[in-house]
Amino acid sequence: MDEKKKSGFATLVGRPNVGKSTLMNHLIGQKIAITSDKPQTTRNRIQTVYTDERGQIIFLDTPGIHKAKNKLGEYMVNVAEHTLKDVDVVLWLVEPTTFIGAGERHIAEQLNKVKTPVILVINKIDTVKNQEDILTFIAAYKDICPFAEIVPVSALKKKNTDRLLEQIFKYLPYGPMYYDEDTVTDQPMRQIAAELIREKALRLLSDEIPHGIAVTIEQMTERENGIMDIEASIICERDSHKGIIIGKGGAMLKKIGSAARISIEDLVGTKVNLKLWVKVRREWRDSEIYMKNYGYDVRDT
Ligand SMILES: Nc1nc2c(ncn2[C@@H]2O[C@H](COP(=O)(O)OP(=O)(O)OP(=O)(O)O)[C@@H](O)[C@H]2O)c(=O)[nH]1
Ligand SMILES: [Mg+2]
C-alpha cells in the first residue's frame, strides 16, 4: 500500500439545476452525467472516478433536492439525501446569490445532522458581473452551516476547479485506491446510452413534457463489423405528449434520434444504428412497478 496516496468519496448535492452534473463531468474530464437547463435532469446516483498522482476521488452525482410531487421525486430526493452519511466529504453546490430560500435551508438542515465535512461550492461565478459580490454570497452562507471550506467556481467556464480538487483531497483519508486508474464510472454502457437519449429529448422538447419521460434500451447488440444496433423506447405519460415527441411527420423523433446517435457514437467509438419508439404509460412516475422497470428501484435508495 502506498501510504502517501489518498482515496475516498465525495458527493455532489444541491437544488436542481445548480450545475452538479456539469461540474462532475468537468472534474473527471468526461461526459458521463447528462445535463440540461431543465431542473431535475439527474434521477439516479451516478458514480465516477477521478485519479491523479495525489490519489483517487470517487464522485457521486445526485438528483437535485426538491419538494417531491410524485413517487419518482421522492425516490430522487432519497437517493440524494442517502449519500450524505457514507462519504468522506460533501460538496454542496449553490447558485451565486445572497438569497437563501426554503430549499437551501432544508439542505442545510440535512447537512447539520451529519458529521461529514461540507465544502460549499458557489457555482456559476462566470455569471457574476462584479466579482466582489462573491464575498457577499460567502457572507450570506457562512453561518447557515459549519463549512469546512467555501470555494467559488464556474463549472461551465472551468474556473477555480483545480482549487476545488485540492480542497477535496484535503478531506480524504490516506489509503489504497478503490478502482484501477482507468475506471471512469460504474454506469453500464446501456444506462449511459439511455441517459443520452433522455438528454436530447430534454433539450429538444418544451418544458412540460421532459419531466414525464423515461428511456429504456430494449436491445443493444454489436455486429461483426462493429456497428452497434440499439433499439430504445421513450416513455411518456399522455397520448398528447406522444404526439409532440414524435412531431409532424416524425420530425421531432428524428431530431432526438440523430442527436442521440452522435453522442452515443462518441461514447462507444463505433457507428450506431438507433431505432426509437414512443410509448405511453399513464402516471408511471407514481407507479413503483413502472419506475423499477425504467431503472428507478425504490429499494435501492
Ligand atoms: N453560466 C453557467 N451555467 C452553468 C454552470 N454550471 C452549469 N451551468 C448550467 O446550468 C444548467 C444545469 O446544469 P446541470 O449540470 O444539469 O445541473 P444539475 O445540478 O446537475 O441539475 P439536476 O440534475 O437537475 O439536479 C445547465 O444549463 C448548465 O449548462 C456554470 O458554471 N456557469
Ligand atoms: Mg444533474
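So, how was this worked out
Residues numbered from 1 in each chain as written. Chains lettered and ligands numbered in written order. Predicted model: local features only at pLDDT ≥ 70, side-chain atom pairs only at ≥ 80, totals over all residues. Helix = DSSP H or I, 4+ residues; strand = E, 2+ residues; numbered from the N terminus. Near = placed C-beta within 6 Å. Nonpolar A, V, L, I, M, F, W, Y, C, P; charged D, E, K, R; others polar. Buried ≥ 20, exposed ≤ 12 C-beta atoms within 10 Å, placed from the backbone. Core = buried A, V, L, I, M, F, W, Y, C linked by C-beta atoms within 7 Å. Domains from an automatic or database assignment. Contact = placed C-beta atoms within 7 Å. Pairing = 2+ DSSP bridges. Axes fitted to C-alpha atoms, helices over the stretch in contact; angles between N-to-C directions. Parallel < 35°, antiparallel > 145°, perpendicular 65-115°, else oblique. Left-handed = near helix turned anticlockwise from the far one by under 90°. Expected span 1.5 Å × (residues − 1).

Points about the overall build of the protein
Okay, so step 1: A count of helices and strands for the protein gives nine helices and nine strands.
Okay, so step 2: Seen through its principal axes, the protein has C-alpha atoms that stretch 55 × 45 × 40 Å.

Overview of the site of ligand 1
Okay, so step 1: Around ligand 1, the structure places 24 residues, and the nearest of them are Gly 19, Thr 22, Thr 42, Gly 64 and Leu 156.
Okay, so step 2: Sort the elements by how many residues they give to the shell around ligand 1 and helix α1 (residues 20–28) lands first, with three residues.
Okay, so step 3: Here the shell around ligand 1 is composed, by residue class, of six nonpolar, 14 polar and four charged.

Some words on unusual backbone geometry
Okay, so step 1: For Lys 158, which is not glycine, the phi torsion reads 55° and is therefore positive.
Okay, so step 2: Relative to the elements of secondary structure, Lys 158 occurs in the loop between β6 (149–152) and α5 (161–170).
Okay, so step 3: With 13 C-beta atoms packed within 10 Å, Lys 158 lands in the partly exposed category.
Okay, so step 4: Within the chain, Glu 283 stands out as a residue other than glycine whose phi angle is a positive 50°.

Some details on the nonpolar core
Okay, so step 1: Phe 59, Val 90, Leu 91, Trp 92, Val 121, Ile 197 and Ile 234 are the most contacted members of the largest nonpolar core, which has 76 residues in total.
Okay, so step 2: The leading source of residues in this core is helix α6 (residues 189–204), at seven residues.
Okay, so step 3: The residue makeup of this core includes at least three contributed by each of domain 1 (6–170) and domain 2 (189–300).
Okay, so step 4: For Val 121, the residues in contact, after removing those within four places along its chain, are Leu 91, Trp 92, Leu 93, Val 151, Val 153 and Leu 164.

Examining the domain arrangement of the protein
Okay, so step 1: In terms of domain boundaries, the protein breaks down into domain 1 (6–170) and domain 2 (189–300).
Okay, so step 2: The centre of domain 1, based on its C-alpha atoms, is set 27 Å off from the matching centre of domain 2.
Okay, so step 3: In this complex, domain 1 contributes twelve residues to the contact, which on the side of domain 2 involves 17 residues.
Okay, so step 4: Of the residues belonging to the side of domain 1 that touches domain 2, the class tally is four nonpolar, five polar and three charged.

Here's the deal with the sheet that holds β6
Okay, so step 1: In space, the six strands of this open sheet follow the order β2-β3-β1-β4-β5-β6, with mixed pairing throughout. Whereas interior strands pair on both sides, the edge strands pair on one side only; in this sheet they are β2 (46–52) and β6. Here the average twist between neighbouring strands, direction ignored, is 25°.
Okay, so step 2: With four bridges joining them, strand β5 (residues 118–122) and β6 adopt parallel strand pairing. Bridge pairing in β6 links Ile 119 to Glu 149.
Okay, so step 3: Relative to the sheet, α1 contacts β1 (6–14), β2, β3 (55–61) and β4 (89–94), its axis offset from that of β3 by approximately 160°.

Details of the packing of α6 against helix α8 (residues 251–268)
Okay, so step 1: Contact pair α6 / α8: the axes reach a minimum separation of 9 Å and the direction vectors enclose 140°. The orientation of α6 with respect to α8, classified from their angle, is oblique. Considering the relative orientation of α6 and α8, their crossing is right-handed. Residues Met 189, Ile 192, Ala 193, Leu 196, Ile 197, Lys 200, Ala 201 and Leu 204 of α6 form the contact with α8, whose participating residues are Met 252, Lys 255, Ile 256, Ala 259, Ala 260, Ser 263, Ile 264, Leu 267 and Val 268.
Okay, so step 2: Tallied by class, residues from the contact of α6 with α8 come to 14 nonpolar, one polar and two charged.

Here we look at the environment of Lys 292
Okay, so step 1: Within the secondary structure layout, Lys 292 lies in helix α9 (residues 288–293).
Okay, so step 2: A sequence separation of 211 residues divides Lys 292 from Glu 81, and the C-alpha atoms of the two residues are 19 Å apart.

Concerning α8
Note on helix geometry: an α-helix contains 3.6 residues per turn, so any two residues three or four positions apart are oriented the same way.
Okay, so step 1: Taking 1.5 Å as the rise per residue, α8 with 18 residues should run 26 Å; its terminal C-alpha atoms sit 26 Å apart, in good agreement.
Okay, so step 2: Phi turns positive, to about 75°, at Gly 269, one or two residues after α8.

What about the sheet that holds strand β8 (residues 228–236)?
Okay, so step 1: Sheet architecture is open: three strands sit in the order β7-β8-β9, paired in mixed fashion. Whereas interior strands pair on both sides, the edge strands pair on one side only; in this sheet they are β7 (214–222) and β9 (272–280). Strand-to-strand twist of the sheet, defined as the mean angle between neighbouring strand axes without regard to direction, takes the value 15°.
Okay, so step 2: The sheet strands contacting α6 are β7 and β8, and the helix crosses β7 at an angle near 130°.

A closer look at the environment of Arg 238
Okay, so step 1: Note that Arg 238 resides in the loop between β8 and α7 (239–246).
Okay, so step 2: According to the C-beta neighbour criterion, Arg 238 is partly exposed, with 15 such atoms within 10 Å.
Okay, so step 3: Taking C-alpha positions, Arg 238 is 40 Å from Lys 158, a pair spaced 80 residues apart along the chain.

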